[in-house]
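An overview of the molecular structure
Here are the chains, one letter per residue:
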Amino acid sequence: DAGITQSPRHKVTETGTPVTLRCHQTENHRYMYWYRQDPGHGLRLIHYSYGVKDTDKGEVSDGYSVSRSKTEDFLLTLESATSSQTSVYFCAISEGREERGPYEQYFGPGTRLTVT
Amino acid sequence: AQSVTQLDSHVSVSEGTPVLLRCNYSSSYSPSLFWYVQHPNKGLQLLLKYTSAATLVKGINGFEAEFKKSETSFHLTKPSAHMSDAAEYFCVVSLFSGTYKYIFGTGTRLKVLA
């Protein structure tokens, strides 16, 4: 299994509080992604990173920010949590070398976040 | 624009019978396609990927998928379902526009009946 961990694995928080989720990899892969999974929607991309300090928005980025100061760590922050952000969050990594892929993604175990 | 449609949200089969999970894609160029499986309360695991080297792709656990450009399809099949195949399956297309991104289908939940 690819070395990807997510922390925390479960979190309950109150509306309006900031929350940070961490993704850590030991594979030295260039790309890291944050998704949320909700019933009927599959996985939707929140933000992704293609290198240290290089990040971009996905399709559902409102209310979220990210940071990547080291290759191995990718942080997702909910600036002020809302009930609509209750979801399961998955981190994924991918090699993404310069030549064309395809490059598969490897997924972490997920973080279940509940906003009350 | 790239997109992927999984035609069935739920599929039920009896153990020992064939499995067919359908996926259609839309891509302006030759796509990279993947199938992932997610067992309950687990992360996603790669089943197989289309590399353009062969249109019939074999994956893990007896699954395979056939890329059909004329039909823009990448259906997942297995000759004989096992109880352990019960899971959710995702068809994914990747796109490269300076950086790599992935678009997921909404998933097909496979139920295997004893």
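Our structure's up above, just so we're on the same page.
To keep things clear, this report deals only with the structure shown in the data block.

Basis of the calculations
- Note that residues are indexed from 1 along each chain, following the sequence as it is written.
- Chains carry letters and ligands carry numbers; both start at the beginning, A for chains and 1 for ligands, and go up in the order they are written.
- With the structure being a predicted model, the display of local features is reserved for residues of pLDDT at least 70 and the display and counting of side-chain atom pairs for 80 or more, all residues being used for whole-chain, interface and lining totals.
- Side-chain numbers here rest on the full set of heavy atoms in the structure, without hydrogens or water.
- Note on conventions: DSSP H or I runs of at least 4 residues are helices, E runs of at least 2 residues are strands, and numbering of each starts at the N terminus.
- The quantity called the radius of gyration is restricted to C-alpha atoms. Its globule counterpart is 2.2 Å times the number of residues to the power 0.38.
- Here the term buried applies to any residue with accessible area under 20% of the maximum for its type, exposed to any over 50%, and partly exposed to those in between, with areas from a 1.4 Å probe on protein chains only.
- Contact definition: two residues touch when any of their heavy atoms are within 4.5 Å.
- Computed with a 1.4 Å probe, the accessible areas rest on the Shrake-Rupley method; for each residue, only the protein chains presented here act as cover.
- Two rings from Phe, Tyr or Trp (for Trp, the six-membered ring) form a pair when their centres sit within 6.5 Å of each other. Planes less than 30 degrees apart are called stacked, planes more than 60 degrees apart edge-to-face, and all others tilted.
- Pairing between two strands requires that DSSP report at least two bridges joining them.
- A carboxyl oxygen of Asp or Glu within 4 Å of a side-chain nitrogen of Lys or Arg is what we treat as a salt bridge.

**Some details on the overall build of chain A**
What chain A contains, in helices and strands, is 0 helices and 11 strands. Each helix and strand of chain A, placed in order from N terminus to C terminus, yields the pattern β-β-β-β-β-β-β-β-β-β-β. For 116 residues, the compact-globule estimate of 2.2 N^0.38 gives 13 Å, and the C-alpha radius of gyration of chain A, at 14 Å, lies within 12% of that figure. Counting only C-alpha atoms and orienting by the principal axes, one finds that chain A spans roughly 45 × 30 × 25 Å. Here chain A holds 116 residues, and the buried ones make up 48% of them. Restricting the contact set of chain A to residue pairs at least 6 apart, pairs at least 24 apart contribute 55%. Accessible surface, chain A: about 5500 Å² in total, of which carbon and sulfur atoms supply 46%.

**Re the packing of aromatic side chains**
Residue and element names in this part refer to chain B. In this structure the tally under the stated criterion is 20 aromatic pairs over all chains. On the numbers, 5.7 Å between centres and 20° between planes, the contact of Y25 with F67 is stacked. Taken together, the residues Y25 in strand β4 (residues 23-26) and F67 in strand β8 (residues 64-68) connect sequence positions 42 residues apart. We classify Y25 as buried; its relative accessible area is 8%. Residue classification places F67 among the buried positions, given a relative accessible area of 8%.

**Quick word on the pairing of strand β8 (residues 73-78) of chain A**
Residues and elements named next belong to chain A. Across 6 bridges, the pairing between strand β3 (residues 19-25) and β8 is antiparallel. Residue T20 lies in a different strand from β8, and its bridge partner there is T77. Here strand β7 (residues 64-70) runs beside β8; their pairing, made up of 5 bridges, is antiparallel. For S65, the partnering residue across the bridge sits in β8 and is T77.

**Quick look at the pattern of salt bridges**
Residue and element names in this part refer to chain A. For the coordinates displayed, the defined rule picks out 9 salt bridges over all chains. Across the pair R36 and D38 runs a salt bridge, and its minimum N-O distance is 2.8 Å. Shared partners join several salt bridges into a network, and the residues in it are R22, K70 and D73.

**Looking at the pairing of β8 of chain B**
Residue and element names in this part refer to chain B. Side chains A65 and F67 of β8 all project onto a buried face; the interleaved residues E64, E66 and K68 project onto a face where none is buried. Here strand β7 (residues 56-58) pairs with β8 via 3 bridges, running antiparallel. The partner of V57 across the bridge, within β8, is A65. Here β7 folds back onto β8, and the loop between the two strands holds 5 residues, one of which, N61, carries a positive phi near 60°. Direction of pairing for β8 relative to strand β9 (residues 73-78): antiparallel, over a ladder of 5 bridges. Looking at the pairing, F67 lines up with F74 of β9. Remark: 4 residues form the turn of the hairpin made by β8 and β9, two consecutive strands paired antiparallel; T72 in that turn has positive phi of roughly 45°.

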